[in-house]
Each structure stands twice: as C-alpha cells, then as structure tokens.
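# Notes for the structure review
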Protein chains: 2
Amino acid sequence: MRIILASSSPRRAEILKKIGIDFDVIPSRINEEFDEGDFGEVVENLAKRKAKEVFERTFDERIVIGADTIVVLNGEIFGKPNGFEDARNFLKALSGKSHEVYTGVAFVWNSGEYSFHEKTVVKFRELPDELVEKYVRSGSPMDKAGGYGIQDLGAVFVEKIEGDFYNVMGLPIGKVWEFLFKKGWWR
Amino acid sequence: MRIILASSSPRRAEILKKIGIDFDVIPSRINEEFDEGDFGEVVENLAKRKAKEVFERTFDERIVIGADTIVVLNGEIFGKPNGFEDARNFLKALSGKSHEVYTGVAFVWNSGEYSFHEKTVVKFRELPDELVEKYVRSGSPMDKAGGYGIQDLGAVFVEKIEGDFYNVMGLPIGKVWEFLFKKGWWR
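Residues numbered from 1 in each chain as written. Chains lettered and ligands numbered in written order. Predicted model: local features only at pLDDT ≥ 70, side-chain atom pairs only at ≥ 80, totals over all residues. Heavy atoms only, no water.

Take the pairing of strand 6 (residues 112–124) of chain B next. Put simply, side chains in a regular strand alternate between the two faces of the sheet. Residue and element names in this part refer to chain B. One ladder, built from 12 bridges, connects strand 5 (residues 98–109) with strand 6; its direction is antiparallel. Bridge pairing links Gly-104 to His-117 in strand 6. The turn linking strand 5 back onto strand 6 is made up of 2 residues. In terms of strand pairing, strand 6 meets strand 7 (residues 158–163) through 4 bridges, oriented antiparallel. Paired with Lys-123 across the strands is Lys-160, a residue of strand 7. (Pairing = 2+ DSSP bridges. Helix = DSSP H or I, 4+ residues; strand = E, 2+ residues; numbered from the N terminus.)

Next up on the list: the interface of chain B and chain A. Across the contact, 29 residues belong to chain B and 30 residues belong to chain A. Carbon and sulfur atoms make up 64% of the surface buried where chain B meets chain A, a total of about 2500 Å² over both sides. Our count for the contact surface shared by chain B and chain A stands at 2 salt bridges. Among the ionic pairs, B:Arg125 bridges to A:Glu178, the shortest N-O distance being 3.1 Å. Across the chain B-chain A interface, the total number found is 10 residue pairs in polar contact (both at pLDDT 80 or more). (Contact = heavy atoms within 4.5 Å. Buried area = accessible area lost by both parts, 1.4 Å probe. Salt bridge = Lys/Arg side-chain N within 4 Å of Asp/Glu carboxyl O. Polar contact = N/O pair within 3.5 Å; in protein donor to acceptor, adjacent residues only side chain to side chain.)

We now examine the relation of the copies chain B and chain A. Superposition record for chain B on chain A: RMSD 0.0 Å, screw rotation 180°, translation along axis 0.0 Å. Such values leave the two copies arranged in the relation of a two-fold axis. Every residue of chain B has its C-alpha some distance from the rotation axis, and the shortest such distance is that of B:Glu162, at 2.2 Å. (Least-squares fit on C-alpha atoms with pLDDT ≥ 70 in both.)

Turning our eyes to something else, we now look at the packing of helix 3 (residues 84–94) of chain B against helix 4 (residues 129–137) of chain B. Residue and element names in this part refer to chain B. Viewed as axis vectors pointing N to C, helix 3 and helix 4 meet at an angle of 140°, and their least axial separation amounts to 10 Å. Comparing their axes, helix 4 and helix 3 come out oblique. The way helix 3 lies across helix 4 gives a crossing that is right-handed. In contact with Phe-84, Ala-87, Arg-88, Leu-91 and Lys-92 of helix 3, helix 4 contributes Asp-129, Val-132, Glu-133, Tyr-135, Val-136 and Arg-137. Here the residues of the contact of helix 3 with helix 4 are counted per class, giving 6 nonpolar, no polar and 5 charged. (Axes fitted to C-alpha atoms, helices over the stretch in contact; angles between N-to-C directions. Parallel < 35°, antiparallel > 145°, perpendicular 65-115°, else oblique. Left-handed = near helix turned anticlockwise from the far one by under 90°. Nonpolar A, V, L, I, M, F, W, Y, C, P; charged D, E, K, R; others polar.)

On to the nonpolar core, then. A general trend in soluble globular proteins is that nonpolar side chains are found buried together. Core analysis: the biggest nonpolar cluster contains 100 residues, and A:Tyr148 and B:Tyr148 have the highest contact counts within it. B:Tyr148 has contacts with B:Val71, B:Leu91, B:Leu94, B:His99, B:Val101, B:Val122, B:Phe124, B:Tyr135, B:Phe157 and B:Val168, leaving out every residue within four places of it along the chain. (Core = buried A, V, L, I, M, F, W, Y, C linked by side-chain atoms within 4.5 Å. Buried < 20%, exposed > 50% of the residue type's maximum accessible area, 1.4 Å probe, protein only.)

Attention now moves to the confidence of the model for chain A. As a note on interpretation, predicted positions should not be read in detail where pLDDT is low. With 100% of its residues at a pLDDT of at least 70, chain A reaches an overall mean of 96. For this predicted complex, the interface confidence comes out at an ipTM of 0.94, alongside a pTM of 0.96. (pLDDT = per-residue confidence, 0-100.)

The next subject is helix 6 (residues 173–182) of chain A. The set of residues buried in helix 6 of chain A consists of A:Ile173, A:Gly174, A:Val176, A:Trp177, A:Phe179 and A:Leu180. The elements touched by buried residues of helix 6 of chain A are helix 1 (10–17), strand 3 (62–73), strand 5 (98–109), strand 6 (112–124) and helix 5 (165–169) of chain A together with helix 4 of chain B. Downstream of helix 6 of chain A by a residue or two, A:Gly184 has a phi angle that is positive, lying close to 80°.

Further remarks concern the environment of B:Gly79. All names here are of chain B. For Gly-79, the location among the structural elements is in the loop between strand 4 (76–78) and helix 3. A C-alpha to C-alpha distance of 8.0 Å links Gly-79 and Thr-69, two positions 10 residues apart in sequence. With sequence-adjacent residues up to four places away left out, Gly-79 is seen in contact with Phe-90, Lys-144, Ala-145, Gly-146 and Gly-147.

This part covers the environment of A:Ile65. With respect to the secondary-structure elements, A:Ile65 resides in strand 3. Spatially, the C-alpha atoms of A:Ile65 and A:Phe23 are 10 Å apart, while their sequence positions differ by 42 residues.

This part is about the pattern of salt bridges. All names here are of chain B. Tallied over the full model, the rule gives 26 salt bridges over all chains. A salt bridge links Arg-88 to Glu-85; its shortest N-O distance comes to 2.8 Å. Here the residue Arg-88 and the residue Glu-85 both occupy positions in helix 3, the gap between them amounting to 3 residues, near one helical turn. Its salt-bridge partner being Glu-133, residue Arg-88 comes within 2.6 Å of it at the nearest N-O pair. With a gap of 45 residues between them, Arg-88 in helix 3 and Glu-133 in helix 4 connect regions that are remote in the sequence. A residue is classified by how much of its surface remains accessible, and Arg-88, at 17% relative accessible area, is buried.

Quick look at the structure:
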C-alpha cells in the first residue's frame, strides 16, 4: 500500500517518519479556507478536502493522509500570520495564556475514508519582548498556525501542555499510527 | 560566559541547541546512584553532583548544567533498563497506565549554584506486543530512563501528557531558558 502525505509541512513529514514507514509527499493544492462549524469540524473538513484532492490526482492502491492545524485563543482562530506585525501580535496575544491547538486528520483510500481531530491545550509563559522580537525576526512564525513552532525556539514559550505534543507540531502521530496499525497498514 | 552541558545524552544537547546558545558537552563521570529522598530531590541531587563534578575539573568563567531524569510508576523508579528483557518488562508495566517523569536540573557557576526539578505526567495507550517487540529490538530503550524515548517511535506509546514535553525528553528547556534569561546569560 502506497502511503501519501498530502502536506507541504516539513514538520508533518518529520513526525510521520518516526513510525518507520515509507511514504511520498504530495502537497494538496486546495484553497485553505475555513468552513463553518465547531473547531474540530473545521480542521477535519479541511483535512478531508486536502486528502481527497490529492487522492483524485494519483493512481493505484494508495492511502492519502491530509491534515490541518489551527490555534484557537478565546474562541478565535489563529491561522498562519500575514507578515511580521501579525506574528508579533499573535505572540503577544498568546503570552501568559492558555490556548487550544486542533489538528484534523483525514485518510482517503481506494475503498473508504476516515477522519478524526485531536485537541491539545497549551499554556504559554509570559513572553518578554526581547524573546518575541528575536523569534519574529527569525522568520519562524510565518509558515505556522498561531505563529509559533513548539519544536524550535518556540519550545520555551510553553509552560505546559495537556494532550498530545505532536498534535501541536501538526500531526497527532499516536492516533495516526493506531489507525494504520488497526487496518494492517503498519508492521 | 562559557556554558557547559554535563551530560552525554544526545537528546539534551539537541534540546539545548533550540535556544540558540553556544555550549560545550563534557559528560560527568559520577556514579549514577540514587540518594534517598522524594523523587524531586533524587533527581535534583544527582543533577547537582553531575554539574559539580564537571565544574571542578574545568576552568575560567563558566556555568555547568547538569540534569537527571527518572520515570516513576506507582512509586517505583524506572532508570535505564538492563538488557532487552528488562526493557520489555518496563514497557509492559507502563502500557495503558499513567506514570510520572521527573527531571532535575542544576546550574553551577563561579559564584553560585541553583537547581530545580520538573514533573510531567505521561499516559500510555495499550501497547500491542508487536509494537513492544519492534521497539525493544531497535535498541532504542537501552540508554533511556523508563526504556522509551518520546521523540522516536516511542512517540506513539503516548496518549497524552500533562506538563512539559521536553522534560520527558530529558531537559525542561523552558525553565532552563528562563533561568539563563533572568541571569542575563541568554540574549
């Protein structure tokens, strides 16, 4: 069974490698607009659209994995920041507070589909301006939901999490593995 | 200020690199025996002994960082496994349950010292035998407290955590950064 990751995120590919499977990366070309619905539905729907789009332009026996991640603070969705000023504002808003990270994951294969979402609560420490500036100038926020990566210098923003760490990085690998294992697609 | 990491753990060095500082690695040569005391004290004391031992055989203005990590299940300490059979037993004991990971961190510099410890609760999913066997045979458990690494295939063992992820990997980087920042040793 050919496994395809429908994501251009280097973090997702790095995480998927941990379970020791071979896979190809074919990023989806969909317009990443959020549908209506609760946050879990929003990310699951987008993950499904990504997986389906890639499934439809590939061939043979295959399973396509799509994923989408958002950060939610006080009921407001933080996607990827538009520029440095936006990134700075995101981080200042998140400073000292708890937010939620939702990742939706969808699997589409020749005879079926399956999706789920996972939520992790992340508590940030108070971020000194010096740290925010250094981080924003590094450029790291620009391709990341909420404007931070928990796997780079952004690691020090986080006081504690409740839930799955890899969900915050963009792919809840435990549940992804569990699904592949149950289907007999991991060994 | 020269920063020295008194640990041979490649995970700790990898984590410390995230905050963008230059440091040298000089592993301590102490005998890693646990003192009496509660779990926080046990790891802090060992971290202090590691940092002091390296401090005493180095020179110039320097700060030495020592760390020690243990896994505790039902009040019992799990250090590094002695062989494959031990590793298998560790993982089977941890399967489906919550355990605690304690890391103690100590800083020793020319005019002072400081230490703290951090606790993270880790909940494992039920581990199928097939997964345990594959993991044990990979050799990964052998140099790790509790017999697993949350950053390799061991990532899928974990259903959720409560606390600091990097603490489970062996170095609670947020608090390490916070200390260095407050002392003016990070910029």
